[in-house]
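Notes for the structure review
One letter stands for each residue in the lines below.
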Amino acid sequence: MARHAVVVGGGIGGLGAAIGLHRVGWQVTVLERAPELIAIGAGISLWPNAQRALTALGVAARIEPQHGGGLLDWRGRRLARWNADAYVRRHGLPLGAIHRANLIDALRSALPSDCLKTGVEVTSVEPDGVVHHASGSLEADLVVAADGINSPIRQSLYPSARVTYSGGAAFRGVARLPTTPQLSTTWAAGTEIGVLPLPDDQVYWWVSEARPAGIRHDDVREYLATKYASWHAPIPQLIAATKEILLHDTHHLATPLPTYVRGHVALLGDAAHAMPPFLGQGGCQALEDAVVLASAAATESTVDNALRRYDAERRPRSQHVARASIKAGASGPLLRNPVAVTLRAGLTRLLPATITTRVGSGISRWQPPVLTPAQPHTP
Ligand SMILES: Cc1cc2nc3c(=O)[nH]c(=O)nc-3n(C[C@H](O)[C@H](O)[C@H](O)COP(=O)(O)OP(=O)(O)OC[C@H]3O[C@@H](n4cnc5c(N)ncnc54)[C@H](O)[C@@H]3O)c2cc1C
């Protein structure tokens, strides 16, 4: 009889894990507290590592490859050219971007609909695999806690684990312009503005500002439109053309967890390693987690062995990427000192375009294990 996994959370990580486990022959139930799957956030960058993870999971998503662009200052003067061909030569795949709603749709379509139970809030989980929710409980051979950055399961297993403010707030939106711009990242003191083309001529943009947590605006668009009115095109145009602008303070796990596994419970995605968004890797790492967990579950003889392997493979890497994200924030949007900002711009101008594509090579080059689909069940 197929072993049964209960996945708590229907975000990128939970759906990815459910697809992987189902693909290797497990019976899977995803419990999601929201009444329907939601994708909060506008776009998302998918590095080559995440694209390989999606392929390993058999998920077909329309991802926009990035064809070129650059790092700019606020007037639009180029600090560095981003060489897309050199990037593909080095990483094997282009940098990609997708609308979050489309990513969630692609993941959901790769999972049989009867696996997913929405509107079910998990109230507690026992390390031996019993999952309690408002109207009952389920027994599982494996519980995947993919319940996000504020993971209630992590809080119950590691009461001392805390999330901390990452030092910046993120504004995000998706718009269409008469001409689709290329990828760009614009740096100024305490600010980064990113522009990423998405499929169907949509453009994802974000503004990352170094500032105290908790600041809110009566009119977010007005705030951004005024503050960035004199910045280079297409920044003011994108702000003006966006229907809904999201604003979130960003957080990450203050201290890395000593293990991602407790009994038959595996923490995955932001629940395990919530990182600041400065590298755009949180979702990518959740997809890596999903593939490795499914591979271990398929090939190890016991759940204990599978979870030991999952922890050994995923914890060092995802915690390394989390540390790299913190560093990227410190040298990116969180850098406020004007002298340091001028120095950064000067140094960046000296870099050959091919060198800029080396950034994050260790992250991009990840190769997923092969997931061998389970043979169809014959009665
Ligand atoms: C501003 C910003 C920009 C980002 N940009 C990128 C990017 O470009 N690229 C990238 O890869 N990553 C990016 N990230 C990170 C990425 O969004 C996250 O790492 C990713 O969404 C984590 O997925 P998850 O499945 O672990 O958690 P979530 O997406 O948070 O999903 C958790 C799910 O669990 C459910 N849940 C919680 N508690 C319960 C419960 N008790 N019972 C049932 N269900 C429950 C929630 O409703 C939710 O659906 C960004 C993050 C931010 C904040």
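Described in the following lines is the structure provided in the data block. Here the structure is a predicted model, which means the values were calculated and not measured.

Conventions used here
- Residues numbered from 1 in each chain as written.
- Predicted model: local features only at pLDDT ≥ 70, side-chain atom pairs only at ≥ 80, totals over all residues.
- Pairing = 2+ DSSP bridges.
- Helix = DSSP H or I, 4+ residues; strand = E, 2+ residues; numbered from the N terminus.
- Contact = placed C-beta atoms within 7 Å.
- Axes fitted to C-alpha atoms, helices over the stretch in contact; angles between N-to-C directions.
- Parallel < 35°, antiparallel > 145°, perpendicular 65-115°, else oblique.
- Left-handed = near helix turned anticlockwise from the far one by under 90°.
- Nonpolar A, V, L, I, M, F, W, Y, C, P; charged D, E, K, R; others polar.
- Near = placed C-beta within 6 Å.
- Core = buried A, V, L, I, M, F, W, Y, C linked by C-beta atoms within 7 Å.
- Buried ≥ 20, exposed ≤ 12 C-beta atoms within 10 Å, placed from the backbone.
- Expected span 1.5 Å × (residues − 1).

What follows deals with the sheet that holds strand β4 (residues 64-65). Spatially, β3-β7-β4 is the arrangement adopted by the 3 strands of the open sheet, whose pairing is antiparallel. The strands lining the two open edges of the sheet, one partner per strand, are β3 (43-46) and β4. Note that β4 and strand β7 (residues 96-99) share 2 bridges and pair antiparallel. Bridge assignment links Glu64 to a residue of β7, and that residue is Ala97. Together, β3 and β7 form the strand contacts of helix α4 (residues 100-109), whose direction differs from that of β7 by roughly 85°.

Below, the discussion takes up the packing of helix α1 (residues 12-23) against helix α9 (residues 282-299). Relative to each other, α1 and α9 sit at 25°, their axes nearing to 8 Å. Our classification of the angle between α1 and α9 gives roughly parallel. Judged by the sense of rotation from one axis to the other, the crossing of α1 with α9 is right-handed. Facing Ile12, Gly13, Gly16, Ala17, Gly20, Leu21 and Arg23 of α1, the residues of α9 in contact are Gly283, Ala286, Leu287, Asp289, Ala290, Val291, Leu293, Ala294 and Ala297. Split by residue class, the contact of α1 with α9 holds 10 nonpolar, 4 polar and 2 charged.

The next thing to look at is the sheet that holds strand β13 (residues 163-175). Pairing in this open sheet of 7 strands is mixed, and the strands run β6-β5-β14-β15-β16-β13-β17 from one edge to the other. Since the sheet does not close on itself, it has two edges, and those belong to β6 (78-82) and β17 (246-253), each with one partner. In this sheet, neighbouring strand axes are inclined to one another by 20° on average, regardless of whether the strands run parallel or antiparallel. Here strand β5 (residues 69-73) pairs with β6 via 4 bridges, running antiparallel. Residue pairing for β6: Gly69 is matched across the bridge by Trp82. Most of the contacts of helix α11 (residues 338-350) go to β6, to which it runs at about 40°, and overall it touches β5 and β6.

Take the site of the ligand next. Surveying the vicinity of the ligand reveals 35 residues, the closest of which are Gly9, Gly11, Gly148, Gly269 and Gly282. Ranked by residues supplied to the shell around the ligand, first place goes to α9 with 4 residues. Along the lines of polarity and charge, the residues of the shell around the ligand split into 14 nonpolar, 15 polar and 6 charged.

In this section: the nonpolar core. A general feature of soluble globular proteins is that nonpolar side chains tend to end up buried together. In terms of nonpolar packing, the biggest core is built from 107 residues, with Val8, Val144, Ala145, Ala266, Leu268 and Leu293 touching the most fellow members. Element by element, the count of residues in this core is highest for α9, at 11 residues. Setting aside residues no more than four positions away along its own chain, Val8 makes contact with Gly14, Leu31, Val122, Val125, Val131, Val143, Val144, Ala145, Ala146, Asp147 and Ile153.

Where helix α2 (residues 48-57) meets α9, the axes come as close as 8 Å, and the angle between the chain directions of the two elements is 35°. Along this stretch, α2 crosses α9, giving a crossing that reads as left-handed. Across the interface between the two elements, Asn49, Ala50, Ala53, Leu54, Ala56 and Leu57 from α2 touch Gly283, Cys284, Leu287, Glu288, Ala290 and Val291 from α9. The residue inventory of the contact of α2 with α9, partitioned by class, reads 9 nonpolar, 2 polar and 1 charged.

This brings us to the pairing of strand β11 (residues 136-139). Bridge analysis of strand β10 (residues 130-133) against β11 gives 4 bridges, and the strand direction is antiparallel. Across the sheet, the residue bridging to His133 is Gly136, located in β11. In textbook terms, the turn of a hairpin is the stretch between consecutive antiparallel strands, and for β10 and β11 this stretch comprises 2 residues.

This next bit is on α1. With 12 residues, α1 ought to run about 16 Å at 1.5 Å a step, and its terminal C-alpha atoms sit 16 Å apart, in line with that. When you tally the buried positions in α1, you get 12 out of 12 residues, the bulk of the element. Buried residues of α1: Ile12, Gly13, Gly14, Leu15, Gly16, Ala17, Ala18, Ile19, Gly20, Leu21, His22 and Arg23, and no others. Residue Gly25 follows α1 closely and has a positive phi angle near 100°.

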